[in-house]
Amino acid sequence: MSSSGRKRKQQLKPRQDEHRSPVKRCSVEVKMEPLDLYPSLADYDLSTADIKPDLTELQLQLAVEQRRPSNQGSNRCEFDQHESDSDEDGYSELNYSAADVFCQDDPDVYDPNWTSHQEETRLLFKFLTPNQQTGLKGAKRFQCPQHYFNQLLGNRSKFFASLSQSFNLRGGATNSEEVETFVALSLLMGDVKLNQLADYWNSSIYHGFSGFAGKMSLDRYRQLLAGINFESLMPEKSKEKNDFPLVNFINERMAEMYVCGQQLVLSEPITLWKGRFSIMEDLPIRFRCNSLVLHMLTEQSGLVVKLKPEIVRREDSDAWVRNSRKLVEHRNKLALKLMEDHRGGRTVYASKFYGSYGLAFEMAKQNTYCTGLLDRNRYGNSKALVHQPLTTNRIATSYAPPLMMGKWRRREKCLYFFSSDCLAIYAKEMSMQKTNARPKLIQELDFQLKQGSQSRQQLIQYQPSCQDLPTDKKMVIFLLNMLIYNAHLLYLANAQTVRGVRLKSYPEFRVAIIKSLLREEQITEPVTVSPRKIEDKPEKIKEKKTAAGIRHEAVLIQHNGKPAKKNCRNCHKGGMLQFSKYMCASCPDKPGLCQEPCFRLWHDQIKK
């Protein structure tokens, strides 16, 4: 090869020197110098200069720009928003000054003395529930989605009849059917998002969009929207000026029909500020006067068990000073208010908003375990643990009765957590299964808190986007959406699965509820058989009588005094092995049968 050909081949090769590659020097600071120091360049017009760019350099620069967003997306994790070593996690008090602050030298139960080892025995609490049963009371299982929504309302016809009487209307009274249509249209606005309320009744902007006008006029909707209130749902003794009747109604219905499990979650609250719903952790940390904070106690599935609204006023600013003792006291009161009916052996998983040593201390008095995430400089934390350096994927702990505080470093930042649960502490102290695996307590926290975050996002997603909708009415629609979301979770947990029929998703469940409110879809699916339903409805008893006049009832199977299951005789006849908790007590051989549809099909064959 000639010397000219070899030189040409070397020119076509990409440059290997690191100091010229933008991939290697993307983080190198480039020093900018003025052109005045170089007179020959200062007089040269660079805009008209004929400078040919280096193609290899441009290709490498383009590769860097394309690689940056992909790297940022792949490194995101659920715990990125909870890492606490950022600059904004310091003691950011309001009106901070360098003046000295004095207080009395008294022992503080919220600021304990931390040690590197456990000095006292761990707490042991026993979980007690009535009849050892959790979930829906009465073991009522329905197949139709509307039944779960009706069960949350108590008595649907009575609910809307009493609600229609509480409207403050000047243009005449209303009835329950019109109120159901009003509620359905309000819920439908969360599925079809438009900027203005009048756009839903304007068929010229969106061609063919005339569904709202066919159900109710715009003027009538505005009248009902302005006059809606829920005072008729409250008992006479509990009516107060600053009360939330719909919130109290939801709390009472959930307490009547549902028994919580052993594990509960104090998730991040939802804030209504300037007409917009947001999760507290997604907002910048600052004091927001006249905002409405909705505190929620949920289960791992996202089922809202109890609500606690809070209106933030200007005189409450001291309770929102970050990482202060007043903040810990204020949030402990809110958490204890939510947990006042759910104590004794339960485990509460707290988000970073509530987590503190004071919360675990107060929960221990109520015989309740507490596990959660911590802010780096939350009042009561172990200062030695906070400033203790750690290498990547290492963990350190400190102890103060009844709490263990942990610090785990993942990559550049650290995650702070705490627990008073003895089983969780033992699981944490076990060695990690893999070199880069997360501690087991962190995995449990991620499992408990992740679903609650998704459920809050889904509730906010189905909020109407009308700009002219009043703020208090947005809160009413949000609570109605929460009723539907709770009904869907109860439907998923309790609906009996039928072969070949899948359960409805949340959008499909919403459509079914809205159609039933608009009277466009009647309930045609049969309700699953239960002894109480058979006693209440004599017309169903007649259908289950055979030619001999015997009444067939589905009863729970008991074997040696304990609940048991039998193979379904009808399913087994068709070649499928399916077990059921119910059997017919009136048949001679007491066959096991699924509630629907095998119980009905089996006895229809007997009649023939």
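For the structure itself, look to the data block above.
Read on for a plain summary of the structure. (Residues numbered from 1 in each chain as written. Predicted model: local features only at pLDDT ≥ 70, side-chain atom pairs only at ≥ 80, totals over all residues. Heavy atoms only, no water.)

All right, on to helix 8 (residues 218-227) then. Restricting attention to buried positions, one finds in helix 8 the residues Leu-218, Arg-220, Tyr-221, Leu-224, Leu-225 and Gly-227. In this structure, the buried residues of helix 8 make contact with helix 6 (176-191) and helix 15 (471-494). (Buried < 20%, exposed > 50% of the residue type's maximum accessible area, 1.4 Å probe, protein only. Helix = DSSP H or I, 4+ residues; strand = E, 2+ residues; numbered from the N terminus. Contact = heavy atoms within 4.5 Å.)

Right, let's get into unusual backbone geometry. With phi around 55°, Lys-274 is a residue other than glycine that occupies positive phi space. Structurally, Lys-274 is set in the loop between strand 4 (270-273) and strand 5 (276-279). Even without glycine at this site, Asn-393 takes up a positive phi of about 60°. Here Asn-393 shows up in the loop between helix 12 (383-386) and strand 10 (394-400). Among the residues examined, Asn-393 registers a relative accessible area of 13% and is labelled buried.

The relative placement of two aromatic rings is captured by the distance of their centres and the angle of their planes. Applying the stated rule across the entire model yields 18 aromatic pairs. When the centroid spacing of 5.3 Å and the interplanar angle of 35° are considered together, the rings of Phe-159 and Phe-249 count as tilted. On the criterion of sequence distance, the pair formed by Phe-159 in helix 5 (residues 156-165) and Phe-249 in helix 9 (residues 245-257) is long-range, its members being 90 residues apart. Taken together, a centroid distance of 5.3 Å and an interplanar angle of 45° make the contact between Trp-201 and Tyr-221 tilted. With Trp-201 in the loop between helix 6 and helix 7 (211-215) and Tyr-221 in helix 8, this residue pair connects regions lying 20 residues apart in the sequence. Each of the two residues, Trp-201 as well as Tyr-221, counts as buried. A network of ring pairs unites the aromatic residues Phe-167, Phe-182, Tyr-200, Trp-201, Phe-212 and Tyr-221 as a single cluster. The ring of Phe-353 is capped by Arg-331, whose NZ or CZ atom sits 3.7 Å from the centre of that ring. (Phe/Tyr/Trp six-rings, centres within 6.5 Å; stacked < 30°, edge-to-face > 60°. Lys NZ or Arg CZ within 6 Å of the ring centre and 35° of its normal.)

So yeah, pure geometry; function would need other evidence.
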